[in-house]
Amino acid sequence: MSHAAAGAIDHHHDPSTSTGIPNKKLFMWAFLASDCMFFGSLISTHLVYRLNPIEGNPGPTDLFDIELTSFSTFILLMSSLMMALSVSAIQKGNISSTRRCLLTTMFFGLIFLGCQVYEFSHFVHEKGLTLSSSIFGSTFYVLTGTHGCHVAVGVLWLALMYVRTFKPAGGVSSMAWLGKTLLHSAALVLTMVLLVDLTLGLVHAIAEDGLSGAAFAHFAGSHVVSLAATVVTVFGLKVLGKDRGAVDFGEAHAIDVESMGLYWHFVDIVWIVIFTVVYLVEYVPLI
Amino acid sequence: MDIPLPQTAHEHGKFRIFMQVAMFLAVVTGIEIVIIFVPVSDFVQYSVLAFLSVIKFLAVIFYFMHLRWDKAFCTLLFFIGLILGGGTLGALVSLFWEDRTSATADAVAIAPIEVESVKLV
């Protein structure tokens, strides 16, 4: 039940385990520790080749759009806030607030992915930086692309968790639940694809015409179908997301949301490092 | 596991903490962007960027990831991975930093060598 006995569970300690830490949380921390080493090696590789630039490497500051990267960094930080609020909401047993926060986190994650797709596309088509054109291209795409994959996995996980919050509490046939879940998931995935497409279009329009009314008019004109389809899918999500009684998701499942939150925040801290090490330091002359 | 908690008020206070941390992170990110354009010495810029990144990193792991409220073992476990990953990074960068300085000195004496492209079959 969603609001039953809210605040009755200690979410930081579990006396039933030998460590006193919930097993799911312990597993996630161990996984994140291993992922630290994974990203550590990728960042090292990038830095080593930046310290020893090979002839033919492009100048990163000629490629980078620091305004766009700063914007996506800000968006990812705010998605972390929404994720933290989502965990806080489920720990109080507030399902509707959890859903809203999960959706907002997903939305911010998709904007980040849209900006990254735009950046990659811009580098490949307009700057000629490909995975094999230079060592810089190889290490840059592998590092930021791996991070992007982590974000994409996080968004997918958020979507699954969001759909899971609607699982009815008993008395419902599994086929009906499965059918509705599939429909809900399809609507969610379609909305995600459309949102990435719209973000991409908007960033492209702003890059072409600057931050002006003309850019928005150009964007709206060239994305009429996507905008209409997004309105339809968001409406569909609203209908499918209507509260229809008790659900089999509540404060007792907070550990699942918290584990997912740990993963999402980890993606955020990796970006904090990448933003400084890959982007910002390029604007400071080498010591 | 259903232990009544005396910490409900503390849970309610988290919203305020999270908002403050988010605002702090946004401001620090702004400072990071500004600092790269400020005409100060490179050393100051590198130091400030490194310091601010570490602060942001710690703010996220201790507040958003709840390490502040969790058992110390979680912090220990994560920091083992972090130290190993960071140590690898530090070791490789310092190793090739030396390589870089010697390569720069060599480049003055040795003319560039043309490398023949290799065709893979």
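Residues numbered from 1 in each chain as written. Chains lettered and ligands numbered in written order. Predicted model: local features only at pLDDT ≥ 70, side-chain atom pairs only at ≥ 80, totals over all residues. Heavy atoms only, no water.

1. Considerations on the overall build of chain A
Piece 1. A tally of helices and strands in chain A yields nine helices and zero strands.
Piece 2. Each helix and strand of chain A, ordered N terminal to C terminal, gives the series α-α-α-α-α-α-α-α-α.
Piece 3. With the principal axes as the frame, chain A shows a C-alpha extent of 65 × 55 × 30 Å.
Piece 4. Looking at chain A alone, contacts between residues at least 24 apart form 81% of all its contacts between residues at least 6 apart.
Piece 5. Summed over its atoms, the accessible surface of chain A is roughly 11,900 Å², and 70% of this surface lies on carbon and sulfur atoms. (Helix = DSSP H or I, 4+ residues; strand = E, 2+ residues; numbered from the N terminus. Contact = heavy atoms within 4.5 Å. Areas by Shrake-Rupley, 256 points an atom, 1.4 Å probe, with all protein chains shown as cover.)

2. Describing the interface of chain A and chain B
Piece 1. Contacts between chain A and chain B engage 57 residues on the former and 52 residues on the latter.
Piece 2. When chain A packs against chain B, the two sides together hide about 5,200 Å² of surface, and 76% of this comes from carbon and sulfur.
Piece 3. Applying the counting rule to chain A against chain B returns one salt bridge.
Piece 4. For the salt bridge of Lys25(A) with Asp70(B), the shortest nitrogen-to-oxygen distance reads 2.7 Å. (Buried area = accessible area lost by both parts, 1.4 Å probe. Salt bridge = Lys/Arg side-chain N within 4 Å of Asp/Glu carboxyl O.)

3. Considering the confidence of the model for chain B
Residue and element names in this part refer to chain B.
Piece 1. Of all residues in chain B, 71% have pLDDT values of 70 or greater, and the mean over the chain is 79.
Piece 2. Confidence scores differ between elements of chain B, with helix 1 (residues 8-12) showing the lowest mean pLDDT of 59 and helix 3 (residues 42-64) the highest of 93.
Piece 3. Of the regions scoring below 50 in pLDDT, residues 1-6 engages in 12 contacts with residues more than four places distant in sequence or in other chains.
Piece 4. Overall, residues 110-121 carries pLDDT values under 50, and its contacts beyond four positions in sequence, including any with other chains, amount to zero contacts.
Piece 5. Two summary scores accompany this predicted model of the complex, namely pTM at 0.83 and ipTM at 0.82. (pLDDT = per-residue confidence, 0-100.)

4. Observations regarding empty space enclosed by the protein
Residues and elements named next belong to chain A.
Piece 1. Tallied over the entire structure, the rule returns three cavities of 30 Å³ or more.
Piece 2. Of the pockets and cavities examined, the largest cavity occupies roughly 60 Å³.
Piece 3. For the largest cavity, the full set of lining residues is Leu 68, Thr 69, Ser 72, Phe 112, Cys 115, Gln 116, Glu 119 and Trp 271.
Piece 4. Those elements that place two or more of their residues in the lining of the largest cavity are helix 3 (66-91) and helix 4 (95-125). (1 Å grid on protein atoms, 1.4 Å probe; cavity = no way out; pocket = protein on both sides within 12 Å on 5 of 7 lines; lining within 4 Å. Points joined across faces, edges and corners; volume = space filled by probe spheres on them.)

5. Structural notes on the environment of Val155(A)
Residues and elements named next belong to chain A.
Piece 1. Tracing the backbone through its elements, the reader meets Val 155 in helix 5 (residues 135-164).
Piece 2. Val 155 sits 37 residues away from Met 192 along the chain, and the two C-alpha atoms are 9.1 Å apart.
Piece 3. Setting aside its immediate chain neighbours within four residues, Val 155 contacts Met 106, Gly 109, Leu 110, Leu 113, Met 192 and Trp 264.

6. Re the state of the cysteines
Piece 1. In the structure shown here, the tally under the stated rule is zero disulfides over all chains.
Piece 2. Cysteine Cys149(A) remains unbridged, with the sulfur of Cys115(A) as its closest cysteine sulfur at 17 Å. (Disulfide = S-S within 2.5 Å.)

7. So, the pattern of salt bridges
Residue and element names in this part refer to chain A.
Piece 1. One pass over the full model with this rule turns up six salt bridges over all chains.
Piece 2. Between Lys 25 and Glu 258 there is a salt bridge; the shortest N-O distance is 3.1 Å. In this pair, Lys 25 sits in helix 1 (residues 23-51) while Glu 258 sits in helix 9 (residues 254-279), placing the two residues 233 residues apart along the sequence.
Piece 3. Accessibility expressed as a relative area gives 1% for Lys 25, which makes it buried.
Piece 4. According to the relative accessible area criterion, Glu 258 is buried, its value standing at 3%. (Buried < 20%, exposed > 50% of the residue type's maximum accessible area, 1.4 Å probe, protein only.)

8. With respect to the packing of aromatic side chains
Piece 1. Under the criterion given, the structure shown has 26 aromatic pairs over all chains.
Piece 2. Their ring planes at 50 degrees and their centres at 5.8 Å tell us that Trp271(A) and Tyr279(A) sit as a pair that is tilted. Across the pair, exposure class does not vary: Trp271(A) and Tyr279(A) are buried alike.
Piece 3. Above the ring of Phe166(A), the side-chain terminus of Arg99(A) is found at 3.9 Å from the ring centroid.
Piece 4. Here Lys14(B) stacks its cationic end above the ring of Trp69(B), 4.6 Å away from the centre of that ring. (Phe/Tyr/Trp six-rings, centres within 6.5 Å; stacked < 30°, edge-to-face > 60°. Lys NZ or Arg CZ within 6 Å of the ring centre and 35° of its normal.)

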